[in-house]
Amino acid sequence: MAHFLTRWFSRLYASPTAKRRNPQPRRRLRTESLETRQLLAANLFHNDLMPEDVNNDGIVSAVDALTVVNEMNRQRDNGGVNGSVNQRGMMPDVNNDGRHTAIDALMVINRLNRGRGSHHNPSDSPQDPQVEDPSTDPTEEVRSIDGTGNNLENPEFGAANIPLLRVADADYADGISEPAGADRPSAREISNTLSAADPEGNTNDRDLTDFVYLWGQFIDHDIDLSLTQEGDDAESFNIAVPTGDPLFDPFSTGEAVIPLTRSNVADGTGTSVDNPAEQVNSITAWIDGSQVYGSDQATTDLLREFSGGRLRISDDGLLPTDSDGNIQAGDIRAAENLGLTSMQTLFLREHNRLADQIASENPDWSDEDIFQAARAMVIAEIQSITYNEFLPALLGKDAIADYEGYDSSVNPSIVNEFSTAAFRFGHTTLSDAVDFVGNDGTEEREAVSLADAFFNPSLLEETGIDSILKAGASSLSQEVDLEVVDSLRNFLFGPPGAGGLDLVSLNIQRGRDHGLADFNSTRTAYGLHAYESFEEITSDTELQAKLQSLYGDVNNIDLWVGLLAEDHAEGSSLGETASTIIADQFERIRDGDRFYYENTLSGRDLREVENTTLADVIERNTGVDSLQDNVFFFSPSISGTVLSQSAVVQSTRGTRNDKGAPRNGGRANDNVARTVPVNGVTIELLDDEGNVVDTTVTDRSGNYKFDSFDHSGAYQIRIAASNGLESVGLNTVETLISDGDVNLSGINFMVIA
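Residues numbered from 1 in each chain as written. Predicted model: local features only at pLDDT ≥ 70, side-chain atom pairs only at ≥ 80, totals over all residues. Heavy atoms only, no water.

Asker: Which residues make up the overall build of the chain, and what are the values?
Answerer: Scanning the chain from N- to C-terminus turns up 24 helices and 16 strands. Put simply, 73% of the contacts in the chain that link residues at least 6 apart link residues at least 24 apart. Accessible area for the chain stands at about 31,800 Å²; split by element, carbon and sulfur atoms hold 46% of it. (Helix = DSSP H or I, 4+ residues; strand = E, 2+ residues; numbered from the N terminus. Contact = heavy atoms within 4.5 Å. Areas by Shrake-Rupley, 256 points an atom, 1.4 Å probe, with all protein chains shown as cover.)

Here it is in structure tokens:
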């Protein structure tokens, strides 16, 4: 109980000297219903002047709240039950009800919040409380489900169902609403030219794992969703397929299209060039766990058990389903692929784990109290993982500015350039198969193609989520570039002609539907200089030529294409422009959030959240127990030394004892074995099927190292036969890479030179 009071209720404000851009009274998360302000100030308690002054020193401080907590613990240690009746009028009994409960501590904290930063003056009359401005009334509250009310001056900031923002001016063909790009090639032609993936794959050069897209998609579904038009008035914006496209127009009809329906437009927009069409974000912009809890009250209520603060969950620990077997979650896209469904399930379990723990330690709390406390903790964890693990992994450790406190002037709402282009980078990082990996790092079952993993959540009833999440931490993602695997580029949601789509074409066409400005115009809108040539965008000469042939003009490139064609910024897996757009969006989501965890937590609570990694959340809620500390990186290594053992003739001349006899017992010389490092020996790394996947050569000290692993599993290291060396002992060593932190050293070989 004491721990959870500290975690959820003792949210003491930061020191007055703490750096804040716009200091404001903080609103704390409410998990207990408190009495009215008049009751808190009334002269009803044992301390007539100030009942919250538990230690009667004339000041309401953290010490008073801790005194209540310590008294509760003392009762429990003495065999009493928390909340049992004791002598009325005891100092920790703030509300004078004869019990020492969470309410007493809450009342102290509420008084602290009201008088933040000031000491109580005993001469002030409690019967004449100061009237406070309602706009800064720090009444305890919870984060709304639909995102409204976070910003007190602008309650709609970040709320669901509001227009997307823009940084660059809209580029509609007519300046109002007609799609852009009429003078550019077909999106499918661009896809065929730029995005066909290398069948061998091209893994990330910064050792990022599949969690870069697993978490990226999970968090994307927390902050943005643009729905398409429905009904008879829905406007089509189909993608023309080049005649003879081998997959989408195999019979060269010249009439094939990839279907696309235009996005919903906000009411009242799209009426003139001064009021162009603006699309709508249907969910909250906040990182608030809306993919878990929903962005409207009806969804939240549907997902709750309304008992013990828990969310509904299936008997086998998976997402709940409706009567037709469709899974139910906070976001409508939860069944899109196995990895995403696994992430949704993981945080459903985390909520219920926290709810059970809170309920166990606080048996007098209501369902609502427990639910909101667990929800707040889950949100804090999601925020911390995003800012402390995901974004530094993706963009580099210094890409996001340091947090300086809540700023009510910041509009956190999602911008079109982010949701419709920049944050779609993840589509290039997926591999063409979904693996299932056990705790030892080896495959538990045969992989399934990515195409077969779409909208197939029932497969989790066979596999569970453990092996999918373990696999996500045990494989390198594909590189962030323009290449996209066939399952997404040719077989998205089915084969061509039978529902199959091209995600690359859809990304490009959606940008045109939304009237996104071209790549260079977007750069200048974000304060970056415009590129003057294709050579400035990319150092890849083949890509330069392809861009030139498609667009002709460096000022007419589709935004999504330009973002992924750009050379990566130093320390980042994205180019300068995409890094800038993504950093800007996440900084605004954070800085404009009054409930952001760093703005509401401090001390032990803050450290506990920030010390909770995604690996911790996975291992708490699954049977996985062999993850690297940071699941966003996979960087194991194997190293060793090759030594030569040779017989060396050692002369005994001049090595006699004090009697003049040879020290070796009369022999004139002796063969003494010694080892020396061998330079230039080729060492091979083999996978579990015996294929050579990497080679290296020993240095002058005889040392070698393998540190470029695409995935976990069983490996062999051997001396290449081409060296012509005779081994002493084993020529081949079997090893196991079980996680991304494995660093096997001392895998040595002895040869005869």
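Back to the text.
Asker: Pulling in residues and values, what's your account of the pairing of strand β6 (residues 443–449)?
Answerer: As paired elements, strand β5 (residues 433–437) and β6 share 4 bridges and run antiparallel to each other. Bridged to Val437 within β6 is Glu443. Between β5 and the antiparallel strand that follows it, β6, lie 5 residues; Gly441 among them carries a positive phi value of about 90°. (Pairing = 2+ DSSP bridges.)

Asker: Describe the nonpolar core, with residues and values.
Answerer: Membership of the largest hydrophobic core comes to 125 residues, with the highest contact counts inside it found for Trp215, Phe347, Phe586 and Leu614. Per-element tally for this core: the top contributor is helix α10 (residues 367–395), with 15 residues. Beyond its immediate sequence surroundings of up to four residues, Phe347 is in contact with Trp215, Phe218, Val292, Val378, Ile382, Ile385, Leu614 and Val617. Grouped together as the second largest cluster of nonpolar side chains are 20 residues, Leu476, Val642, Val678 and Tyr715 included. (Core = buried A, V, L, I, M, F, W, Y, C linked by side-chain atoms within 4.5 Å. Buried < 20%, exposed > 50% of the residue type's maximum accessible area, 1.4 Å probe, protein only.)

Asker: Tell me about the pattern of salt bridges, residues and numbers included.
Answerer: A full pass over the atoms with the stated rule returns 26 salt bridges. Of the charged contacts in the structure, one is a salt bridge between Arg523 and Glu566, with a shortest N-O distance of 3.1 Å. Note that Arg523 is positioned in helix α17 (residues 519–525) and Glu566 in the loop between α20 (559–565) and α21 (576–591), a separation of 43 residues in sequence. The same class applies to Arg523 as to Glu566, namely buried. For the salt bridge of Arg523 with Glu576, the shortest nitrogen-to-oxygen distance reads 3.0 Å. (Salt bridge = Lys/Arg side-chain N within 4 Å of Asp/Glu carboxyl O.)

Asker: Kindly report on the sheet that holds strand β14 (residues 732–737), identifying the contributing residues and their values.
Answerer: If you trace the 4 strands from one edge of the open sheet to the other, you get β10-β9-β12-β14, paired in antiparallel fashion. Unpaired on one side and paired on the other, β10 (692–697) and β14 mark the two borders of the sheet. Between one strand and the next, the sheet's axes are offset by a mean angle of 25°, whatever the strand orientation. (Axes fitted to C-alpha atoms, helices over the stretch in contact; angles between N-to-C directions.)

Asker: For the packing of aromatic side chains, give the residues involved together with the corresponding values.
Answerer: We describe a pair of aromatic rings using the distance from one ring centre to the other and the angle between the two ring planes. Going through the model one piece at a time under the given rule, you end up with 19 aromatic pairs. Here the aromatic rings of Phe418 and Phe423 are separated by 4.8 Å at their centres, their planes lie at 20°, and the arrangement is stacked. The residues Phe418 and Phe423 share a single accessibility class, namely buried. Ring-pair connections join several aromatic residues into one group, and the members of that group are Phe211, Tyr387, Phe390, Tyr403, Phe418, Phe423, Phe425, Phe586, Tyr596, Tyr597 and Phe632. (Phe/Tyr/Trp six-rings, centres within 6.5 Å; stacked < 30°, edge-to-face > 60°.)

Asker: Could you give me a rundown of a negative patch on the surface, with the residues and numbers involved?
Answerer: Taken together, the side chains of Asp146, Glu156, Asp296 and Asp301 make up a negatively charged region of the molecular surface. Within the secondary structure, Asp146 sits in the loop between α4 (102–114) and β1 (162–163). (Patch = residues over 30% accessible without salt bridge, like charges linked within 9 Å, V, L, I, M, F, W, Y side chains within 5 Å. Lys, Arg positive; Asp, Glu negative; His and termini not counted. Charge placed at Lys NZ, Arg CZ, Asp CG, Glu CD.)

Asker: An account of the packing of helix α6 (residues 211–223) against helix α9 (residues 338–361) is requested, with residue identities and associated values reported.
Answerer: Contact pair α6 / α9: the axes reach a minimum separation of 10 Å and the direction vectors enclose 65°. Taken together, the axes of α6 and α9 lie roughly perpendicular to each other. The element α6 and its partner α9 pack so that their crossing is right-handed. Touching Phe211, Leu214, Trp215, Gln217, Phe218 and His221 of α6 are Gly339, Leu340, Met343, Gln344 and Phe347, all from α9. Its residues placed into classes, the contact of α6 with α9 shows 7 nonpolar, 4 polar and no charged. (Parallel < 35°, antiparallel > 145°, perpendicular 65-115°, else oblique. Left-handed = near helix turned anticlockwise from the far one by under 90°. Nonpolar A, V, L, I, M, F, W, Y, C, P; charged D, E, K, R; others polar.)

Asker: Any details on helix α23 (residues 603–610)? Residues and values, ideally.
Answerer: Three or more residues of α23 are buried, namely Asp605, Leu606 and Val609. Buried residues of α23, viewed axially, fall in a sector of 95°; they line one side. (Arc of directions from axis to C-beta.)

Asker: Quick one: what's the story with the confidence of the model for the chain, residue by residue and with numbers?
Answerer: Reading predicted coordinates in detail is not appropriate for stretches of low pLDDT. Summing up the model confidence of the chain, the mean pLDDT is 84 and the portion of residues at 70 or higher is 78%. Under a pLDDT of 50 for its full length, residues 1–46 has, in the predicted model, 144 contacts with residues more than four places off or in other chains. Confidence over residues 79–90 falls short of pLDDT 50; this stretch has 25 contacts with residues more than four positions distant or in other chains. (pLDDT = per-residue confidence, 0-100.)

Asker: Any chance you could break down the side chain of Ser191 for me, citing the residues and the numbers?
Answerer: Its place among the elements puts Ser191 in helix α5 (residues 187–194). The buried category is assigned to Ser191, whose relative accessible area is 0%. Look past the residues within four positions of Ser191 in its chain and what remains in contact with it is Ala196, Arg489, Asp502, Val504 and Ser505.

Asker: Please provide a residue-by-residue account of α10, values included.
Answerer: Spanning 29 residues, α10 covers 40 Å between terminal C-alpha atoms, matching the ideal 42 Å at 1.5 Å per step. Considering bend angle alone, the principal kink of α10 is centred on Thr386 and spans about 35°. Positive backbone phi, at 105°, marks Gly396, one or two positions downstream of α10. (Expected span 1.5 Å × (residues − 1). Bend = angle between axes of the 7 residues up to and from the residue.)

Asker: Explain the packing of α6 against α10 to me, and be specific about the residues and the numbers.
Answerer: In contact at an axis separation of 11 Å, α6 and α10 are set at 135° when each is read in the N-to-C sense. Our classification of the angle between α6 and α10 gives oblique. For the pair α6 and α10, the crossing hand works out as left-handed. Across the interface between the two elements, Val212, Trp215, Gly216, Phe218, Ile219 and Asp222 of α6 pack against Ile382, Ile385, Thr386, Phe390 and Leu394 of α10.

Asker: Can you break down unusual backbone geometry residue by residue, with the values?
Answerer: Note: most residues except glycine have negative phi, and most peptide bonds are trans. A positive phi angle, close to 65°, is found at Asp207, a residue other than glycine. Residue position: Asp207 is located in the loop between α5 and α6. Phi is positive for Phe306, close to 60°, though the residue is something other than glycine. Relative to the elements of secondary structure, Phe306 occurs in the loop between α8 (297–303) and α9.

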